[in-house]
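Structural overview for review
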Amino acid sequence: MALASVATRASSGVDAPAVTVEVHLSNGLPSFSLVGLPEASVKEAKERVRSALINAGFEFPMRRITVNLAPADLPKQGGRYDLPIAIGILAASKQIPLKAIEQHEFVGELALSGHIRYCAALLPVIVAASQSSNRLVIPIDNRADAELVGFEQVLFATHLQSLAAYLHGQSELPSIEPGLEWINPTTHSEHHSRCLSEVVGQAHAKHALEIAAAGGHNLLMLGPPGTGKTMLASRMMQLLPPLNYNDALEVAAIHSVAGLSIQPQQFYQRPFRSPHHTSSAVSLVGGGAIPKPGEISLAHRGVLFLDEVAEFPRKVLDCLREPMETGEVSISRAAAKLNFLCRFQLIAAMNPSPCGDVNNARASNEQIQRYLSKLSGPFLDRFDLTIDVPKLPLGALNHRDEHAETSQTIALRVHQARETQLARSGVLNSELTGKQLENEARFKREDLLFLEESVSKLGLSVRSYHRLQRVARTIADLQQQEDVSRAHIAQALGYRAIDRLLASLKQY
């Protein structure tokens, strides 16, 4: 019976579900049928496979060829099915032994010459294959992806001829070298050349940045142009510890699906994404006909920086509200529903008025309120800290502070505070649930009553009440205090600049 089954894997978000390529050769007029919900790019495989087999010196069967990509309800796109289809035809026509393709998975695009080309978004395939007992054959140009995963059962193919020789048992295919040494997580990056000590003044903002880094809190900076908001945000990355291996692999998989490659030396670095304010909702959240991750998913386990946040369309910013709470975004399309992780830390910067400064006579209170109303109340509620970044006093630019703390010194405190949080609750303070705050955060009852009264006077929500508790807990952790005192709560209440600004505008 001229029938062969070849294992491969599809692309479905950051997952790589198994696909079986079934090839059947039967008598009748020569034809080539491809079924199983193939997209246009997969249907074109017929011509690539025919030319590749002939140019590689194999016989293309002049029979009725039926190729089924199972399961039939899973959409398939891309050139990754070329290689398994070609292997299936060779096995069904007895040009390679059927037994040889068992316990193997094949992924790769074919050139007309028979060479096996690079395939995008193969990292999820390698991760999924590493959890099975099969050997995985991929293009040699995808070697860097395989080395990131460290899967020793991966084989690299360059041409159909050398792959056929391997399947006949006549030669071996190269694999990753055993005993590869992992790159040190503290590898230098472009962010390591930027030190927080270079930012002139702004001690209040620097301390807020330290608290945000230590607890994973969202931060909004308000201030006139040129006061250092963007400089502060860009130096956030130096305060954050490198990723662990599992989180780094998670991040690399999302970037791979988006068509971006991660260099080995950047594997442990947290992502820093800074989209322009003209970005659409789809580019920020993700989507498209074939859903791809957006900026919030590309910032997973890292920082999303929105400069000039008030210039973003309001409906675009409101798309971020749900993902910020859940840590993932679901994109539903007619073809599929995909989930992308997006546990990011949001840092935003904006001017307090349309003309840049609140004290500028060019803008009336009504204009300022209209400008600030571009940010909805529920969106502002997602920020744990909102701070003023004021203009520097006269003489500050020419005054050199010899005792300014370096990013390295602050990063040590941040790292220690994070270790304390993870040892106590298993998560950072920004992810503490209401029950964990009640049972593990160590607040005194009278201090919580004081916080509740303060929240009521400021007209804040219940969400803000819990967020203030989390910030106070982080301040205590940075000071290595087991219990949260009223001073810590008062300091957390001091980081509510936007509420103070809105309240002052209402008085006029």
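Residues numbered from 1 in each chain as written. Predicted model: local features only at pLDDT ≥ 70, side-chain atom pairs only at ≥ 80, totals over all residues. Heavy atoms only, no water.

Burial analysis of helix H3 (residues 82–92) places 11 of its 11 residues in the buried class, which makes it a mostly covered element. Among all positions in H3, only Asp82, Leu83, Pro84, Ile85, Ala86, Ile87, Gly88, Ile89, Leu90, Ala91 and Ala92 are buried. Just past H3, the residue Lys94 takes up positive phi, approximately 65°. (Buried < 20%, exposed > 50% of the residue type's maximum accessible area, 1.4 Å probe, protein only. Helix = DSSP H or I, 4+ residues; strand = E, 2+ residues; numbered from the N terminus.)

This next bit is on the layout of surface pockets. Its boundaries defined by the atoms lining it, the largest pocket holds a volume of some 860 Å³. Around the largest pocket, the lining is made up of 36 residues, and of these Gly216, Arg343, Leu428, Ser430 and Glu431 lie nearest the centre. Of all the secondary structure elements, the ones that give two or more residues to the lining of the largest pocket are helix H13 (321–326), helix H16 (407–425) and helix H19 (462–478). Residues belonging to the lining of the largest pocket are distributed by class as follows: 12 nonpolar, 12 polar and 12 charged. (1 Å grid on protein atoms, 1.4 Å probe; cavity = no way out; pocket = protein on both sides within 12 Å on 5 of 7 lines; lining within 4 Å. Points joined across faces, edges and corners; volume = space filled by probe spheres on them. Nonpolar A, V, L, I, M, F, W, Y, C, P; charged D, E, K, R; others polar.)

Okay, the confidence of the model for the protein next. Of all residues in the protein, 95% attain a pLDDT of 70 or more, and the chain-wide mean is 91. When the criterion is pLDDT under 50, residues 186–191 qualifies, and its contacts beyond four places in sequence or with other chains add up to nine contacts. (pLDDT = per-residue confidence, 0-100. Contact = heavy atoms within 4.5 Å.)

One can describe the packing of H16 onto H19 by two numbers: an axis separation of 9 Å at closest approach and a directional angle of 120°. Crossing of H16 over H19 shows right-handed handedness. Contacts between H16 and H19 involve Arg413, Val414, Ala417, Thr420, Gln421 and Arg424 from the first element and Arg473, Thr474, Asp477 and Leu478 from the second. Of the residues contributing to the contact of H16 with H19, the split by class is three nonpolar, three polar and four charged. (Axes fitted to C-alpha atoms, helices over the stretch in contact; angles between N-to-C directions. Left-handed = near helix turned anticlockwise from the far one by under 90°.)

The next point concerns unusual backbone geometry. With an omega of 5°, the peptide bond running from Ala70 to Pro71 counts as cis. Residue placement: Pro71 occurs in the loop between strand S4 (64–70) and H3. Located in the positive-phi region is Arg442, a residue other than glycine, with phi close to 60°. Turning to its location among the elements, Arg442 is positioned in the loop between helix H17 (434–440) and helix H18 (445–458). Overall, Arg442 belongs to the partly exposed group, its relative accessible area being 43%.

What follows deals with the side chain of Gln345. Structurally, Gln345 can be placed in strand S17 (residues 345–350). A distance of 2.8 Å separates a polar atom in the side chain of Gln345 from the backbone oxygen of His217. Filtering out sequence-adjacent residues up to four positions away, Gln345 remains in contact with Ala212, Ala213, Gly216, His217, Asn218, Met236, Leu240, Gly302, Val303, Leu304 and Arg418. (Polar contact = N/O pair within 3.5 Å; in protein donor to acceptor, adjacent residues only side chain to side chain.)

What follows is about the pattern of salt bridges. According to the stated counting rule, one finds 26 salt bridges in the structure shown. Ionic pairing is found between Glu44 and Arg48, a salt bridge with its closest N-O pair at 3.9 Å. Residue classification places Glu44 among the partly exposed positions, given a relative accessible area of 46%. Judged by its relative accessible area of 16%, Arg48 falls in the buried class. Residues Arg301 and Asp247 are paired through a salt bridge, measuring 3.6 Å at the closest nitrogen-oxygen approach. One end of the pair, Arg301, is in the loop between helix H11 (295–298) and strand S14 (303–306); the other, Asp247, is in helix H9 (residues 245–257), and 54 residues separate them in sequence. Shared partners join several salt bridges into a network, and the residues in it are Glu325, Asp381, Arg382, Asp384, Arg463 and Arg467. (Salt bridge = Lys/Arg side-chain N within 4 Å of Asp/Glu carboxyl O.)

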